[in-house]
Amino acid sequence: MMFQATLLTVASQLDDARKTTQFAIAQLGSIHSLTWNSKAGKAFLDNVDELSRRLEMLNSELGDAEEYVGVAMREIQNLEAQIMNQRMAS
């Protein structure tokens, strides 16, 4: 039970992190609608693009981590079921 509670907390935090990352990506995307005439503005836009790419990669990694947590939760449930079955058989 303790492991499941920990994994549920981790899953919730991963979900929050993904939502925050997706929000940040959307906000950075809105910068593209602005006109950038200056050299500094265009450099800023390049930095925004790089940050967006990195956030997309982070979002992908967070998704992978959520999948791993889901697998771990299922494995723990299976182990708990096996333990209960062994206890009942004793």
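Conventions and cut-offs
- Residues numbered from 1 in each chain as written.
- Predicted model: local features only at pLDDT ≥ 70, side-chain atom pairs only at ≥ 80, totals over all residues.
- Heavy atoms only, no water.
- Helix = DSSP H or I, 4+ residues; strand = E, 2+ residues; numbered from the N terminus.
- Rg over C-alpha atoms; globule rule 2.2 N^0.38 Å.
- Contact = heavy atoms within 4.5 Å.
- Areas by Shrake-Rupley, 256 points an atom, 1.4 Å probe, with all protein chains shown as cover.
- Lys, Arg positive; Asp, Glu negative; His and termini not counted.
- Charge placed at Lys NZ, Arg CZ, Asp CG, Glu CD.
- Expected span 1.5 Å × (residues − 1).
- Buried < 20%, exposed > 50% of the residue type's maximum accessible area, 1.4 Å probe, protein only.
- Salt bridge = Lys/Arg side-chain N within 4 Å of Asp/Glu carboxyl O.
- Axes fitted to C-alpha atoms, helices over the stretch in contact; angles between N-to-C directions.
- Parallel < 35°, antiparallel > 145°, perpendicular 65-115°, else oblique.
- Left-handed = near helix turned anticlockwise from the far one by under 90°.
- Nonpolar A, V, L, I, M, F, W, Y, C, P; charged D, E, K, R; others polar.

1. A short note on the overall build of the protein chain
Part 1 of the reasoning: What the protein chain contains, in helices and strands, is two helices and zero strands.
Part 2 of the reasoning: Relative to the 2.2 N^0.38 estimate, which gives 12 Å for 90 residues, the radius of gyration of the protein chain is 21 Å and therefore markedly larger than a compact globule would have.
Part 3 of the reasoning: The principal-axis extents of the C-alpha atoms in the protein chain amount to approximately 75 × 15 × 15 Å.
Part 4 of the reasoning: At a minimum sequence separation of 6, the contacts of the protein chain that also span at least 24 residues come to 77%.
Part 5 of the reasoning: When the accessible area of the protein chain is evaluated, it comes to approximately 6,900 Å², of which 60% is carbon and sulfur surface.
Part 6 of the reasoning: Of the side-chain charges in the protein chain, 8 are positive and 12 negative, and the distance between the mean point of each set is 5 Å.

2. With respect to helix α1 (residues 2-31)
Part 1 of the reasoning: Counted at 1.5 Å a residue, the expected span for α1 with its 30 residues is 44 Å, and the 44 Å between its end C-alpha atoms agrees.
Part 2 of the reasoning: Within the sequence span of α1, burial applies to Q4, L7, L14, T21, I25, L28 and I31.
Part 3 of the reasoning: Buried residues along α1 sit in contact with α2 (39-89).

3. Some thoughts on the pattern of salt bridges
Part 1 of the reasoning: Inspection of every chain in the model, using the stated rule, returns four salt bridges.
Part 2 of the reasoning: The closest approach of N and O atoms between D15 and K19, which form a salt bridge, is 3.1 Å. You can see D15 and its partner K19 sitting in helix α1, four residues apart, about one turn around the helix.
Part 3 of the reasoning: Residues R54 and E50 are paired through a salt bridge, measuring 2.8 Å at the closest nitrogen-oxygen approach.

4. A short note on α2
An α-helix turns once per 3.6 residues; consequently, residues spaced three or four apart project the same way.
Part 1 of the reasoning: Here α2 spans 75 Å end to end across 51 residues, near enough to the 75 Å set by a 1.5 Å rise per residue.
Part 2 of the reasoning: Of the surrounding secondary structure, the elements contacted by the buried residues of α2 are α1.

5. Regarding the packing of α1 against α2
Part 1 of the reasoning: Between α1 and α2, the shortest axis-to-axis distance is 9 Å and the interhelical angle comes to 160 degrees. With respect to α2, the element α1 is oriented roughly antiparallel. Both α1 and α2 take part in a crossing whose hand is left-handed.
Part 2 of the reasoning: Looking at the contact of α1 with α2 residue by residue, the class counts come to 23 nonpolar, seven polar and five charged.

6. Focus: the side chain of N59
Part 1 of the reasoning: With respect to the secondary-structure elements, N59 resides in helix α2.
Part 2 of the reasoning: Discounting chain neighbours no more than four positions away, the residues touching N59 are R18, T21 and Q22.

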